[in-house]
Amino acid sequence: MANSENQNDFSKGSVVGNILSLALPMTLAQLINILYNVVDRMYIGRLPENATLSLTGLGLCMPIISAVIAFANLFGMGGAPLCSIARGKGDQKEAERIMGNAFSMLLITGVILTVVGLLFKKPLLYAFGASDATYPYADSYLTIYLLGTVFVMTSLGLNAYINAQGFARIGMVTTLIGAVLNIILDPIFIFALDMGVQGAAIATVISQAASAAWTFRFLTGSGTILRIRLSSMKPRMKTIGSITSLGLSGFMMSITNSIVQVVCNSTLSTYGGDLYVGVMTVINSIREIVTMPVSGITNGSQPVISFNYGAGKYDRIKKAIRFMSISCIGYTVAIWGILHLFPVFFIHIFNTQPDLVEAAIPSMQIYYFGFFMMSLQFSGQTVFQALGKAKYAIFFSILRKVVIVTPLTLLLPGVVTPAVNGIFLAEPISNFIGGAACFLTMLFVVRKELKKKA
């Protein structure tokens, strides 16, 4: 344990090296984690019958799935930076208390979400844009997925605490176990047992349960620096308040993403029908894949920034922010060009129906315009979270999704022809305004904060 603690001291060695040692396995873990979501859509999009309707049904479930992830982020992303700061100060008891309280809240919230989701799934799905043709597919998937909510909450929420301690490879294994199981089980349940979307949901729940078991086993074993103990799980309102305060940023990012998905699906259903809800499902799926390296870099940077903040190493914080920002911007500029030039390649990953492909090409090119501006939002949010600046992180989460995207999604179809293009145009506009505002504010706040601390 002493060796692990010394090895994961981010106040020593190369800043870039520390970030990459976390970012590379985290990026691979992100790729693996994405397979949880997209592999279902890849298989469903190739069903011999009703592939597009089935894919659209899964897309209608995404806002509810995003809401579950939001609560996992609330206690995972909220407590992990606090753990890193406490470790940087040498206060291991407080770090364990933070992790234990977060685990208690993940379990309690998971049970509540399961009950609420099962009770209100039908009105929610219709409110989200379901039609009589797509509702049966959405209902089949969501009912089973909700039964595994506690597993999803545990695996996603607790994995943040594995990564926060510097065990990025262990965190990668957590997602690898579930993803490999999902890839193996999906074709068995979907095609061999002819269970369609229900089979996809069963495979996902089993896989998440395996990931949750692995995560819990590691964090209660001897190989970790911080351990989950019954004594640390006793709810302490001050600790829970600190976790939720900082976690509101990650929560708002996911919950506002859920709100945008609802508004987009509902508006697209009105102006473009089930076909364009399917197009948005494909575009969202592609986004999950292409944003993966950005998430890996920002997630790898966060523990390094937090630890050095707690240790008072302010020059290292500046180096970490500089490397993270330049890397994210460079990657997103490159991927924007690739998406614009080769949209069909990415669309075919999820669906090959000619009508959907034809509709998706122009929609995708509009949606991803100026994609690099999104990386500014990611970088700014990461720094605010890492330094414990909860209010800034929450504000910019709400600004981009609620204040900018949602109103534009509702207003632009009335002034843009064809109307569906207005819905897809809301995303790049929000990236330019929200991304620039978040990043520039972060630079100003960090400069002022570090100057004061120094």
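Worth saying up front: this structure is predicted, and the values here are computed from it rather than measured. (Residues numbered from 1 in each chain as written. Predicted model: local features only at pLDDT ≥ 70, side-chain atom pairs only at ≥ 80, totals over all residues. Heavy atoms only, no water.)

Trainee: Just checking my understanding: could you explain the pattern of salt bridges for this structure?
Mentor: It is possible for side chains of opposite charge to pair when their charged atoms get near one another. All told, the structure shown has four salt bridges when counted by the stated rule. When the shortest N-O distance is used, the salt bridge between R97 and E94 registers 2.4 Å. With R97 and E94 both in helix α4 (residues 92–127) and three residues apart, the pair spans about one turn of that helix. Residue class for R97 comes out partly exposed when judged on its relative accessible area of 22%. For R400, the salt bridge is made with E427, and the minimal N-O distance between the two is 3.3 Å. Placement of the pair is R400 in helix α17 (residues 390–411) and E427 in helix α18 (residues 419–453), with a sequence separation of 27 residues. Residue E427 is classed as buried on the basis of its relative accessible area, which comes to 7%. (Salt bridge = Lys/Arg side-chain N within 4 Å of Asp/Glu carboxyl O. Helix = DSSP H or I, 4+ residues; strand = E, 2+ residues; numbered from the N terminus. Buried < 20%, exposed > 50% of the residue type's maximum accessible area, 1.4 Å probe, protein only.)

Trainee: Would you mind showing me how to read the environment of T239 here?
Mentor: Turning to its location among the elements, T239 is positioned in helix α10 (residues 237–271). Discounting chain neighbours no more than four positions away, the residues touching T239 are E94, R97, I98 and N101. A polar contact of 2.8 Å, which involves the side chain of T239, links it to the side chain of R236. (Contact = heavy atoms within 4.5 Å. Polar contact = N/O pair within 3.5 Å; in protein donor to acceptor, adjacent residues only side chain to side chain.)

Trainee: Explain the side chain of Q385 to me, please; I cannot follow it from the model alone.
Mentor: Within the element layout of this structure, Q385 appears in helix α16 (residues 373–386). Setting aside residues up to four positions removed in sequence, Q385 forms contacts with M77, P81, L246, S249, G250 and A393.

Trainee: I keep staring at the side chain of Q261 and nothing clicks. Help me out?
Mentor: Here Q261 lies in helix α10. At a separation of 3.2 Å, a polar atom in the side chain of Q261 contacts the side chain of S66. In contact with Q261, not counting residues within four places along its chain, are M62, P63, S66, N284 and R287.

Trainee: Before we go on, may I ask you to explain the packing of helix α3 (residues 51–89) against helix α6 (residues 149–164) in this structure?
Mentor: When two helices pack together, their arrangement is captured by the angle between the axes and the distance separating the axes. Running from amino to carboxyl end, α3 crosses α6 at an angle of 20°, the nearest separation of the two axes being 8 Å. Viewed along their axes, α3 and α6 adopt a mutual orientation that is roughly parallel. Regarding α3 and α6, the two cross each other, and that crossing is right-handed. Of the residues in α6, those in contact with V68, I69, F71, A72, F75, G76, M77, G79, A80, C83, S84 and R87 of α3 are T149, V152, M153, L156, G157, A160, Y161 and A164. (Axes fitted to C-alpha atoms, helices over the stretch in contact; angles between N-to-C directions. Parallel < 35°, antiparallel > 145°, perpendicular 65-115°, else oblique. Left-handed = near helix turned anticlockwise from the far one by under 90°.)

Trainee: So what exactly am I meant to see when it comes to helix α13 (residues 314–341) here?
Mentor: Owing to its 3.6 residues per turn, the α-helix aligns residues three or four sequence positions apart on the same side. Helix length check: α13 (28 residues) gives 42 Å between terminal C-alpha atoms against 40 Å at 1.5 Å per residue, within 8%. Buried residues of α13: Y314, R316, I317, A320, I321, M324, S325, C328, T332, I335 and L339, and no others. (Expected span 1.5 Å × (residues − 1).)

Trainee: Would you mind going over a positive patch on the surface with me for this structure?
Mentor: A surface patch of like charges, here positive, comprises K89, K448, K452 and K453. For the positive patch, the element with the most residues is α18, which contributes three residues. You can see K453 is positioned in helix α18. According to the relative accessible area criterion, K453 is partly exposed, its value standing at 43%. (Patch = residues over 30% accessible without salt bridge, like charges linked within 9 Å, V, L, I, M, F, W, Y side chains within 5 Å. Areas by Shrake-Rupley, 256 points an atom, 1.4 Å probe, with all protein chains shown as cover. Lys, Arg positive; Asp, Glu negative; His and termini not counted. Charge placed at Lys NZ, Arg CZ, Asp CG, Glu CD.)

Trainee: Please clarify how the nonpolar core should be interpreted in this entry.
Mentor: Across soluble globular proteins, you tend to see nonpolar side chains buried next to one another. With 129 residues, the main nonpolar core has Y141, I286, Y368 and F424 as its most contacted residues. The element best represented in this core is α3, accounting for 17 residues. If sequence neighbours within four positions are ignored, F424 has contacts with L268, Y276, V279, M280, I283, S363, I366 and Y367. (Core = buried A, V, L, I, M, F, W, Y, C linked by side-chain atoms within 4.5 Å.)

Trainee: Help me understand the environment of A203 in this model?
Mentor: In this structure, A203 sits in helix α8 (residues 196–219). Using a relative accessible area of 0% as the deciding quantity, one classes A203 as buried. Not counting the four nearest positions on each side in its chain, A203 is found in contact with N182, L185, D186 and F189.

Trainee: Teacher, can you tell me more about a nonpolar patch on the surface here?
Mentor: A cluster of nonpolar side chains, namely I108, V111, I112, V115, V116, L119, F120 and L124, defines an oily patch on the protein surface of about 710 Å² accessible area. By the secondary structure assignment, I108 is in helix α4. Note on I108: relative accessible area 43%, which makes it partly exposed.

Trainee: Quick question: what am I supposed to make of the packing of α10 against α18 here?
Mentor: At a minimum axis separation of 9 Å, α10 and α18 run at an interaxial angle of 165°. Accordingly, the angle class assigned to the pair α10 and α18 is roughly antiparallel. Both α10 and α18 take part in a crossing whose hand is left-handed. On α18, the residues that touch C264, T267, L268 and Y271 of α10 are A419, V420, I423 and F424.

Trainee: Before we go on, may I ask you to explain α3 in this structure?
Mentor: In this model α3 runs 54 Å from its N-terminal to its C-terminal C-alpha over 39 residues, within 8% of the 57 Å that 1.5 Å per residue would give. Of all the bends in α3, the largest measures some 35° and sits at M62, one to four residues before the proline P63. Within two residues after α3, G90 carries a phi angle of roughly 85°, on the positive side. (Bend = angle between axes of the 7 residues up to and from the residue.)

Trainee: Looking at this structure, how should I read the confidence of the model for the chain?
Mentor: Detailed reading of the predicted coordinates is not advisable wherever pLDDT is low. Averaged over every residue, the pLDDT of the chain is 85; the share at 70 or more is 95%. Ignoring residues within four places in sequence, the model shows residues 1–6, a span with pLDDT below 50, making nine contacts including any to other chains. (pLDDT = per-residue confidence, 0-100.)

Trainee: Honestly, the packing of aromatic side chains in this entry has me stumped. Any pointers?
Mentor: Counting across every chain of the model gives 15 aromatic pairs. Aromatic pair F71 and F251: ring centres 4.9 Å apart, planes at 70°, arrangement edge-to-face. Here the residue F71 occupies a position in helix α3, and F251 occupies one in helix α10, the gap between them amounting to 180 residues. You can call F71 partly exposed: its relative accessible area is 21%. The buried category is assigned to F251, whose relative accessible area is 13%. When the ring of F167 is compared with that of F218, the centres are 5.5 Å apart and the planes differ by 75°; the resulting orientation is edge-to-face. One end of the pair, F167, is in the loop between α6 and α7 (168–192); the other, F218, is in helix α8, with 51 residues separating them in the sequence. Both residues of the pair, F167 and F218, count as buried. (Phe/Tyr/Trp six-rings, centres within 6.5 Å; stacked < 30°, edge-to-face > 60°.)

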